[in-house]
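Tertiary structure, described
Here is how the chains run, residue by residue.
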Amino acid sequence: MWCCTACDSAEDAVEITKTPVVAAVAESMSAIAARDYCNEKAYDIEELFSLTDCAFAVESGKYDYLVCNDLEKTKLQDFNLVYVEDCAYKSQYSLCFDSDYAGLCQQFNSAISALNEDGTIEKILNSYMGGDKYSSQETVGNPIYIMFVEGAEEYFDMNDDGEAVGLEIDIVTALCNKLGCTPVFVNGEYDESFDALVNGEADLIMAVDSTNAALGEDFILSTPYLTVNYGVYGTPE
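Leu-95, Phe-108, Leu-175, Met-206, Tyr-225 and Leu-226 are the most contacted members of the largest nonpolar core, which totals 43 residues. For this core, the leading source of residues is helix α5 (residues 167-179), giving seven residues. Not counting residues up to four positions away in its chain, the partners in contact with Phe-108 are Leu-95, Phe-97, Ile-144, Leu-175, Cys-176, Leu-179 and Leu-204. Within the second largest apolar cluster, 16 residues are counted, among which are Val-21, Ala-57, Phe-79 and Tyr-233.

Encoded structure:
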């Protein structure tokens, strides 16, 4: 007769462990970083509506960790969460130009280098991470037309007055100030933005993924003007 008996000692017991679950905001760059992190760690991922939802879920013990970008980590201050480690994934954003405008691209590369060296870009970043508010005085000069896609990226948008606002708007405005030109931000669809470059209706596109290898020979990218890091957070042990 076949029978089953319970284990008589702790040494014979089989420990059942659950796979850790990482929360991230759905359809965000943090979710991409979280998926990369989960693939590396063999963890599971749950995508929620907001960072607050993620924080509540981890703090209550429903999930084990959350992934958040450095620009939003101040939103976690009211939760009993601690930093665990960095994600390997980083987001980098560049300006995109028609390949015939390599000279303009080089001018912006020089401006990016200058604003990194003098600390301007760091000041702008810090102002969005709880630091002193950054304000710039726009230079009055020749207009430069900059395409962007409203709501397609996390660090800029349109306010109720129809003005382009946000971290990347501030950085690109500072770059234009450095070059003595006046930025004119034009909202458009992603595909038509590239058509606008080819047709001469725009001078550049902002917030283009620096790793985008599908642009082809018709377009060139500046050096990255923004690098966003991602961190993993959990409850104190």
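Don't stop here, the text continues.
Once that is clear, we can look at the pairing of strand β1 (residues 21-25). Within β1, five of the five residues are buried, leaving the element largely enclosed by the surrounding structure. Covered by surrounding structure in β1 are Val-21, Ala-23 and Val-25 together with Val-22 and Ala-24, the residues of both alternating faces. Pairing of β1 with strand β2 (residues 44-48), which is carried by five bridges, proceeds in the parallel orientation. Following the sheet pairing, Val-22 is matched in β2 by Ile-45. Regarding topology, helix α1 (residues 29-41) serves as the crossover connection from β1 to the parallel β2, and that connection is right-handed. Pairing of β1 with strand β3 (residues 65-69) involves two bridges; the strand directions are parallel. What sits directly across from Val-22, in β3, is Tyr-65.

For the structure on display, the rule yields four salt bridges. A salt bridge links Glu-47 to Arg-35; the shortest N-O distance between them is 2.6 Å. On the criterion of sequence distance, the pair formed by Glu-47 in strand β2 and Arg-35 in helix α1 is long-range, its members being twelve residues apart. The class for Glu-47 is partly exposed, based on a relative accessible area of 33%. Taking the shortest distance from any N to any O, the salt bridge between Glu-85 and Lys-41 comes out at 3.5 Å. Note that Glu-85 is positioned in strand β4 (residues 82-98) and Lys-41 in helix α1, a separation of 44 residues in sequence.

Note on placement: Leu-76 falls in the loop between β3 and β4. A relative accessible area of 6% means that Leu-76 is categorised as buried. Those residues in contact with Leu-76, other than ones at most four positions away along the chain, are Leu-51, Ala-55, Leu-66, Cys-68, Leu-81 and Tyr-233.

Relative to each other, helix α4 (residues 120-127) and α5 sit at 160 degrees, their axes nearing to 10 Å. It follows from the interaxial angle that α4 and α5 lie roughly antiparallel. The two elements α4 and α5 meet at a crossing, and its hand is right-handed. Contacts between α4 and α5 pair Thr-120, Ile-121, Ile-124 and Leu-125 from the former with Leu-167, Asp-170, Ile-171 and Ala-174 from the latter. Looking at side-chain class alone, the contact of α4 with α5 contains six nonpolar, one polar and one charged residues.

Bringing the confidence of the model for the protein chain into the picture now. Per-residue confidence for the protein chain averages 88 on the pLDDT scale, and 89% of its residues sit at or above 70. At the level of individual helices and strands, the protein chain shows its lowest average pLDDT in strand β6 (residues 157-158), which scores 72, and its highest in helix α3 (residues 102-117), which scores 98. Per-residue pLDDT stays below 50 along residues 1-7; that stretch engages in two contacts with residues further than four places along the chain or on separate chains.

Attention shifts here to the packing of aromatic side chains. What the rule picks out here adds up to nine aromatic pairs. Between Tyr-37 and Tyr-43, the aromatic rings sit 6.1 Å apart at their centres with planes inclined by 70 degrees, giving edge-to-face as the arrangement. Note on Tyr-37: relative accessible area 3%, which makes it buried. Among the aromatic side chains, those forming a connected cluster through ring pairs are Tyr-37, Tyr-43 and Tyr-65.

Thresholds, definitions, all that
- All residue numbers here refer to positions counted from 1 along the written sequence of the relevant chain.
- Local features in a predicted model are, by the rule used here, given only for residues with pLDDT of at least 70; side-chain atom pairs are given and counted only at 80 or more, and totals for whole chains, interfaces and linings are based on all residues.
- Hydrogens and water molecules were not included; the side-chain quantities draw on all heavy atoms of the structure.
- As used in this record, nonpolar core signifies buried Ala, Val, Leu, Ile, Met, Phe, Trp, Tyr and Cys residues forming a set joined through side-chain atoms within 4.5 Å.
- For every residue, the accessible area obtained with a 1.4 Å probe (protein chains only) is divided by the maximum for its type, and the residue is called buried under 20%, exposed over 50%, and partly exposed between those limits.
- Helix numbers and strand numbers start at the N terminus; a helix is a DSSP run of H or I with at least 4 residues, a strand a run of E with at least 2.
- The contact criterion used throughout is that any non-hydrogen atoms of two residues lie within 4.5 Å.
- A pair of strands counts as paired when DSSP detects no fewer than two bridges linking them.
- Seen with its strands pointing away from the viewer, a crossover is right-handed if its path from the first strand over the helix to the second goes clockwise.
- We define a salt bridge as a contact between a side-chain nitrogen of Lys or Arg and a carboxyl oxygen of Asp or Glu at a distance within 4 Å.
- Only the stretch in contact is used when a helix axis is fitted, and all axes are lines through C-alpha atoms; the angle between N-to-C directions ranges over 0 to 180 degrees.
- Orientation categories follow fixed angle ranges, with anything under 35 degrees roughly parallel, anything over 145 roughly antiparallel, 65 to 115 roughly perpendicular, and all other angles oblique.
- By convention the crossing between two helices is left-handed if the near helix lies anticlockwise of the far one by an angle smaller than a right angle, and right-handed if it lies clockwise.
- Classification convention: Asp, Glu, Lys, Arg as charged; Ala, Val, Leu, Ile, Met, Phe, Trp, Tyr, Cys, Pro as nonpolar; all other residues, Gly among them, as polar.
- Per-residue confidence from the predictor is given as pLDDT, running between 0 and 100.
- Centres within 6.5 Å are what make two rings of Phe, Tyr or Trp a pair, Trp counting through its six-membered ring; a difference in plane orientation under 30 degrees is then read as stacked, over 60 as edge-to-face, and the rest as tilted.

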